[in-house]
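# Tertiary structure, described
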There are 2 protein chains.
Amino acid sequence: MPAALDELIDALRVLPGVGPKSAQRMAYHLLQRDRQGAGRLGRALEGALAHIRHCNRCNTFTEAEVCDRCLNPARDPQQLCVVEMPADLAMMEQTHAYRGMYYVLMGRVSPLDGIGARELRLDRLLARATDGTVQEVILATNFTNEGEATAHYVGEMLRARGLKVSRIARGLPVGGELEHTDIGTIAQALVERRAL
Amino acid sequence: MPAALDELIDALRVLPGVGPKSAQRMAYHLLQRDRQGAGRLGRALEGALAHIRHCNRCNTFTEAEVCDRCLNPARDPQQLCVVEMPADLAMMEQTHAYRGMYYVLMGRVSPLDGIGARELRLDRLLARATDGTVQEVILATNFTNEGEATAHYVGEMLRARGLKVSRIARGLPVGGELEHTDIGTIAQALVERRAL
Ligand SMILES: [Zn+2]
Ligand SMILES: [Zn+2]
C-alpha cells in the first residue's frame, strides 16, 4: 500500500470511534469518491487549529481572546453557570431562562478516564468564580454519575471559598444529558435550582 | 459557535457514516484533547491528495504512474484478476495462490447507488483486458448480489470480445465478502474457478 495512503488510514484513527476498518473505508471513500471533500476537511482542520482557542473567561471554543458572550454588557456578571461542554451551553441559551455568565469545563470528572481536578484545570474555574463580582455559581453539569461527581467536587471547592453555589433541579430524568433533553424541562430545572 | 469550528464540524461530515452529532463530538475531541492528531490528519489528507493516484494499468491506489506490482516482471501477464477494492487485492495476494496481474474496479455495479458501467469506467478494464497479452480474466468480485451482478456484467462484456473469462469458485459462503473470509477458503475458491 502506498505510504501516503497508509498514513491517511492511520491518521483517521485519531477520530474517536474510528477503528482500522472504518479508517480504511473512509480513506478509500475520500480518495475514490470525494477528493473535494477531503481537501475541504484538510483545510478545515488547519483553519480550526489556527483559529480556535479557549475563551480566557468562560473557557469555551472561540476565535477571540475573550468570546462575545463574555464581553456582552447586557449579561448579569453576578451569576456564573458551570456546564460540561459547549453543546450544553447552547442548550442553556435556548431556554432563554438564563442571562448570566458561563464557565465551560470542557469535560467532567471521570476517574476511569484519568480525568480529575487537575486535568479539568479547575484552578481556572476557581479563579474565574472568585473574581469578586460573581455572587452565585449555578452547577449545570449533567445528571449522569460523572456529571454528579463533578458537581459535587466543584460545589465543595467553591463553597469552601465562601461562594453561594446552587445545582439546577433534578427536573432532568436521572441519567439524562442536557443535550438530549427538551428545552422546557431544562428551563424548569433552572428555575428550581437548589442551594448547595 | 466560531466560524472555524462550524466549518470543521460540517467538513467532518464528508466522512462516510459521520452524522451531525458524531461530527461535533469528533471536532470537540480533536480541538480539546488531540490537536496534534488533528494536525497529523490535516497533513495526511493533504499528502494523500497530493500523492495518491490510480495506477494506469491496474487502477489501484498508488503514488507512481504504474504501480510496482504491474511493473513486476516475475508476474504472469497472461492472467488478469478483477477485484472490487484494494483490500480484496490484498486478500488475494495473501493466499500466495495467484501470480498474475490485477485490475481493481474501485467499486461494484450498484443500481441503487447509481453506479453502473459508466461510473465504474469499465471501458478502462476493457482496454486493459484486450491488450493482446491477457489470455484469461479471473473474476474475483464478492459473492454479494452486487458483486455477482458485477461479475455477470463484466463477464459478458469480456466474453463478447473473445476473451476467456472465469469466476472464482463459490467456495466462499453465499453473501460472503473476500475481506471477511479466511485465506484457505479464498485459495480453494481460486483453484476451483470455473470457465464462464
Ligand atoms: Zn467566554
Ligand atoms: Zn498497477
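Chain A is annotated in an unreviewed UniProt entry as Recombination protein RecR from Niveibacterium microcysteis. Comment text from UniProt for chain A, heading Sequence similarities (unreviewed entry), reads "Belongs to the RecR family." Recorded in UniProt under Function (unreviewed entry), the annotation for chain A is "May play a role in DNA repair. It seems to be involved in an RecBC-independent recombinational process of DNA repair. It may act with RecF and RecO."

### Overview of the coordination of the zinc ion (ligand 2)
All names here are of chain B. All of the protein donors around the zinc ion (ligand 2) are Cys55 (SG), Cys58 (SG), Cys67 (SG) and Cys70 (SG); their distances to the metal are 2.3 Å. Around the zinc ion (ligand 2) sit four donor atoms, and with donor-metal-donor angles ranging over 106 to 117° the site reads as tetrahedral. Sequence spacing of the donor residues for the zinc ion (ligand 2), all on one chain, is C-x2-C-x8-C-x2-C. Owing to a relative accessible area of 6%, Cys67 belongs among the buried residues under this scheme. In this structure Cys70 comes out as buried when scored by relative accessible area, which is 8%.

### Brief notes about unusual backbone geometry
A negative phi angle is the norm for most residues apart from glycine, just as the trans form is the norm for most peptide bonds. All names here are of chain A. Phi is positive for Asn59, which is not a glycine, with a value near 75°. Secondary-structure assignment places Asn59 in the loop between strand E1 (53-54) and strand E2 (61-62). For Arg121, which is not glycine, the phi torsion reads 55° and is therefore positive. Looking at the secondary structure, you find Arg121 in the loop between strand E4 (100-104) and helix H6 (122-129).

### Notes on the side chain of Gln79 of chain A
Relative to the helices and strands, Gln79 of chain A is located in strand E3 (residues 76-83). For Gln79 of chain A, the side chain forms a polar contact with the side chain of Glu136 of chain A, separated by 3.3 Å.

### A few points about the coordination of the zinc ion (ligand 1)
All names here are of chain A. For the zinc ion (ligand 1), the full set of protein donor atoms is Cys55 (SG), Cys58 (SG), Cys67 (SG) and Cys70 (SG), at a range of 2.3 Å. Relative to the metal, the four donor atoms surrounding the zinc ion (ligand 1) lie at angles of 106 to 117°, and the coordination shape comes out tetrahedral. Sequence spacing among the residues donating to the zinc ion (ligand 1) works out to C-x2-C-x8-C-x2-C. Residue Cys55 shares its accessibility class with Cys58, and that shared class is buried.

### Let's talk about the side chain of Thr141 of chain A
Residue and element names in this part refer to chain A. In this structure, Thr141 sits in the loop between strand E5 (136-139) and helix H7 (145-159). Using a relative accessible area of 2% as the deciding quantity, one classes Thr141 as buried. Polar contacts involving the side chain of Thr141 include one to the main-chain carbonyl oxygen of Gly147, which spans 2.8 Å. The residues touching Thr141, leaving out its near neighbours within four places in the chain, are Val82, Glu84, Leu105, Gly147, Thr150, Ala151 and Arg167.

### Describing the relation of the copies chain A and chain B
Superposition of chain A onto chain B requires a rotation of 180° combined with a translation of 0.0 Å along the rotation axis, giving an RMSD of 0.0 Å. What the superposition gives is, in effect, a two-fold axis relating one chain to the other. Among all residues of chain A, the minimum C-alpha distance to the rotation axis is found for Gly42 of chain A, at 2.2 Å.

### Quick look at the nonpolar core
The nonpolar side chains of a soluble globular protein tend to be buried with one another. Leu15 of chain A together with Leu15 of chain B are the most contacted members of the largest nonpolar core, which totals 76 residues. Beyond its immediate sequence surroundings of up to four residues, Leu15 of chain A is in contact with Leu12, Leu15, Met26, Leu30 and Leu41 of chain B.

Basis of the calculations
Residues numbered from 1 in each chain as written. Chains lettered and ligands numbered in written order. Predicted model: local features only at pLDDT ≥ 70, side-chain atom pairs only at ≥ 80, totals over all residues. Heavy atoms only, no water. UniProt positions renumbered as here; feature names shortened; annotations may be inferred. Donors = N, O, S within 2.8 Å, 3.2 Å for Na, K, Ca; no water. Tetrahedral: all angles 85-135°; square planar, octahedral: opposite > 155°, others 65-115°. Buried < 20%, exposed > 50% of the residue type's maximum accessible area, 1.4 Å probe, protein only. Helix = DSSP H or I, 4+ residues; strand = E, 2+ residues; numbered from the N terminus. Polar contact = N/O pair within 3.5 Å; in protein donor to acceptor, adjacent residues only side chain to side chain. Contact = heavy atoms within 4.5 Å. Least-squares fit on C-alpha atoms with pLDDT ≥ 70 in both. Core = buried A, V, L, I, M, F, W, Y, C linked by side-chain atoms within 4.5 Å.

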